[in-house]
Amino acid sequence: MSDDGYPSDGITSISTSTVPKHQHGEETPSMNFDYLKYNFKSLSRQASHENLASLSSANAEILERRFHMPNEEGLQHLKNTSPVVSKKFHKVLIANRGEIAMRIMRTAHELGLKTVAIYAYEDRLSMHRYKADESFQIAPEGKHTPVGAYLAQDDIIDIAIRRNCDAVHPGYGFLSENADFARKVEAAGLKWVGPKPETIDALGDKVKARAVATECAVPVVPGTDGPIDKLSDAHTFCNEHGFPVIIKAAMGGGGRGMRVVRSADELDSAFERARSEALSAFGDGTVFIERFLDRPKHIEVQLLGDGQGNIIHLFERDCSVQRRHQKVVEIAPAPTLDKAMRDAILADAVKIAEHVNYRNAGTAEFLVDSRGHYFIEINPRIQVEHTVTEEVTGLDLISLQLHIAAGWSLPDLHINQDRIQLRGFAIQCRVTTEDPAQGFQPDIGKIEVYRSPGGNGVRLDGGSGYTGSIITPHFDSLLVKLTCSGATFEKARRRTLASLVEFRISGVKTNMWFLQRLLSNDTFISGSCWTTFIDDTPELFTVTKFRNRAAKLLTYLGDLIANGCQIQGQVTAPGHGLEEPTLPTLLDAHGSAVNVTTAPPPGWRDVLLKSGPAAFAQAVRQHKG
C-alpha cells in the first residue's frame, strides 16, 4: 500500500468490473480510473508478460496503446502454460469478501484465471470488488442484511452461472463449511474448491468429527456422544464428569457458540447463550459438551488431500494465543512441542484425513496438556492463519487448492510428504479495529493515516487497510494480517515486533499496542502460552500512550492560522495577517489564460451523463490520448 492510499501490489487492480445499475442483474461495465492511474505509473516501471497475464483483454488493449507492448502473446503465455487452465479451468467466483477474497484473487491471477467478486450493498466500496476482473452486487439493497448477503446461496450461484464461472472458492467463514451450499455448487455444474460435501457433513459437525476420530483410535476429550438438545442432558453429563466443561456449537467455529462453565450455577444461562449464539451465527443451534482442560496448548495440523487417496501434512501451528476462542497470534511450527508429541499429533491428523479420503485443504485441531493430546475438530476449509504455513514451507496453499479442484493429484504436482520441509519460523498477528482497553470493542470510522511496514520476511494480507478507507460496523473487524518469518522463533518474534512498531494507523482504534505488549511478554517469548493466557494476564491490558506528534502539530498550526494565537499576553487577533486568497491563473494547451467564469468545455463527464457508463468506457478505450 502506498502513502497515497492506492494498492501497490501490481496490476491486478486494473479491472473492468461489472456493476448493477439501479437493480440487481442489469450489468454495466465500469472502469476504476483512480486504481488504473496509479497502476499505469507502476506498470511503466515493471511491465512484463507475466503481469499482463492477469489483465482482461480490454485492459490489455489500453496498456498496449499506452506502452506500445504486445498483449496477446503475454496474455496467452501464462494461460497456455497454466496447469489449472489446461484442465479447462478458466474463471473462479470468490464467495467471500475482504482479505481472503483478495488473497485468492492474487493467486488466481498468477495462474492465469479470471476472477469474479461478489459484494453486499453495504460493501460496495470494499477494495476486494475492484481487485477482481468482474464484480457483482449479490442482491438489491435491502433484500439481505450485510452479512446475510454473503450467505445467500441461490443468489451467489446464480451469479456464478450467469458469468460462466468454472468454480466457486468459499474462502473461510460464511458458507465455507456449508455442505448444502457445496452440493448446490456441484449440482450447478461448477467445481467446489474445498472438501466433498459428504466430508463437510462428516467433519464440519464437531459431534460427527469426534465419532470419526474415535473410529480411528485417535484420543478425544471426554464429551457427550452426540448433540445436546435438553438442559437436563447437560446436567447429566456434568454430574458424571464434573466441572469445568465447555459448551460448543456443533457447526461452525471461530469461537462463536462457545461457553466455559466452571460451576453448576453457571450452566443454565451458559447453555442457553451458547445455543442462541450458535443459531444466530451458523443457522444451527446444536451444541455438545466436553471436559474443559485447564491451560492446554492449541495445536493444529495443516492437511492437504487430493481426493484420490493421497494425504500429506504441512506440519503444525501453535494457535494457543486466543481471546474468547478467537485466535490472535499464530506460530508455525509450534516452538516448544517436543518431537515425540509432534510426530504423534501429525500421524493422528493424517489418519483421520485418510479415513474419509479427504480432498483439498483442511486443518485438524488438537488440545495438548501434560498428559497427552486430544482431537477436538476438523476445519474443512482454508484457515485465516494459513499464511504462516506458507512462509515456513514455501507452498502456496490457495494455488494447491485450485489445482486439486481442477482435477490434479498430489503426484501430478510432484508433491509428497518427503518433499515438505520446514524453513525457520513464522508468526502471524491479526491487526483489528478493536480497542483492547474497552474489552476489544470494535471501532468504526475513517482511516486517516495508513503506513505499513515492510522489508525482508514481512508479509501483509489486507482487505480494507488503506488511507481513506471507511470501517463499517457490518463485518468482522480484521484489518490486516501481519506475517513475519525468521530463521529462529526469536528472530521471527523480533521482526514481528519491529513491524508493529513501524506500522502507523490513525483514525480508528486498533489492537496494535496490545500486540506489542503481547509479543514483549516473557511467557510469549518462552513460547509457553496457553489458550487462556490473554484472559489470565491482566498486565497485557496496561494501556500504552502513543504520541502522534505530526497530527498534533498540524492541528495546532491549523488552529493558529484560523483562530489566531490563544496565548495570554500576545495580541494576535483571529485571522491576523491573513490576506485574501489569490486565485491561480489557469492556462489552456496553447498557453492562454482560461476564463473560469464561463462554463467549461464538454469533457468526459458529459459523455458519462449523456451516454451512460458503457459508452463512457468504450469512449475511453478508443481515446488515443
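The rules behind the values
- Residues numbered from 1 in each chain as written.
- Predicted model: local features only at pLDDT ≥ 70, side-chain atom pairs only at ≥ 80, totals over all residues.
- Heavy atoms only, no water.
- Phe/Tyr/Trp six-rings, centres within 6.5 Å; stacked < 30°, edge-to-face > 60°.
- Buried < 20%, exposed > 50% of the residue type's maximum accessible area, 1.4 Å probe, protein only.
- Helix = DSSP H or I, 4+ residues; strand = E, 2+ residues; numbered from the N terminus.
- Lys NZ or Arg CZ within 6 Å of the ring centre and 35° of its normal.
- Salt bridge = Lys/Arg side-chain N within 4 Å of Asp/Glu carboxyl O.
- Axes fitted to C-alpha atoms, helices over the stretch in contact; angles between N-to-C directions.
- Parallel < 35°, antiparallel > 145°, perpendicular 65-115°, else oblique.
- Left-handed = near helix turned anticlockwise from the far one by under 90°.
- Contact = heavy atoms within 4.5 Å.
- Pairing = 2+ DSSP bridges.

Student: Tell me about the packing of aromatic side chains, and please be specific about residues and values.
Tutor: As enumerated under the stated definition, the model contains 13 aromatic pairs in all. Seen from their ring centres, Phe366 and Phe375 are 5.8 Å apart, and the 75° between their planes marks the pair as edge-to-face. Per residue, the accessibility class of Phe366 equals that of Phe375, and both read buried. Seen in terms of ring centroids, Phe514 and Phe541 are 5.1 Å apart; in terms of plane orientation they differ by 40°. Their pairing is tilted. A residue pair is termed long-range when its members are at least 10 positions apart, and Phe514 in helix α18 (residues 512–519) and Phe541 in the loop between α19 (522–526) and α20 (549–563) qualify at 27 residues. Each residue in the set Phe440, Trp513, Phe514 and Phe541 is aromatic and connected to the rest through ring pairs, giving one cluster. Sitting above the plane of the Tyr130 ring, Arg129 keeps its charged end 4.9 Å from the centroid. Positioned over the ring face of Trp530 is Arg295, at 3.9 Å from the centre of the ring.

Student: So, the pattern of salt bridges: which residues are in play, and what are the values?
Tutor: Applying the stated rule across the entire model yields 33 salt bridges. The closest approach of N and O atoms between Asp123 and Arg97, which form a salt bridge, is 2.6 Å. With a gap of 26 residues between them, Asp123 in the loop between β4 (114–119) and α6 (127–131) and Arg97 in the loop between β3 (91–94) and α5 (98–110) connect regions that are remote in the sequence. The burial state of Asp123 is the same as that of Arg97; both residues are buried. Of the charged contacts in the structure, one is a salt bridge between Glu390 and Arg459, with a shortest N-O distance of 2.8 Å. Taken together, the residues span a long stretch of sequence, with Glu390 in helix α15 (residues 386–393) and Arg459 in strand β21 (residues 458–462) at a distance of 69 residues. Connected through salt bridges with shared partners, the residues Glu300, Arg317, Lys327, Glu330, Glu365, Glu385 and Arg430 form a single ionic network.

Student: Describe the packing of helix α8 (residues 153–162) against helix α9 (residues 179–187), with residues and values.
Tutor: Interhelical geometry of α8 versus α9 gives an angle of 25° and a closest axis separation of 11 Å. The angle between the axes of α8 and α9 places the two elements in the roughly parallel class. Judged by the twist between their axes, the crossing of α8 over α9 is right-handed. Taken together, the residues of α9 that come into contact with α8 (itself represented by Gln153, Asp154, Ile156 and Ile157) are Asp180, Phe181, Lys184 and Val185.

Student: An account of the sheet that holds strand β9 (residues 259–261) is needed here, citing residue identities and associated values.
Tutor: Sheets are built from strands that pair by backbone hydrogen bonding, the pairs being arranged parallel or antiparallel. Strand order in the open sheet formed by 3 strands is β9-β8-β10, and the pairing between neighbours is antiparallel. The open sheet is flanked by β9 and β10 (287–291), the only strands paired with a single partner. Averaged over all adjacent pairs, the angle separating strand axes in this sheet is 25°, with direction ignored. Note that strand β8 (residues 245–249) and β10 share 5 bridges and pair antiparallel. From the neighbouring strand, Ile246 faces β10, where its bridge partner is Glu290. Seen against the sheet, helix α11 (residues 206–215) touches β8 and β10 and runs at an angle of roughly 50° to β10. Strands β8, β9 and β10 of the sheet are contacted by helix α13 (residues 264–282), whose axis makes an angle of about 170° with β9.

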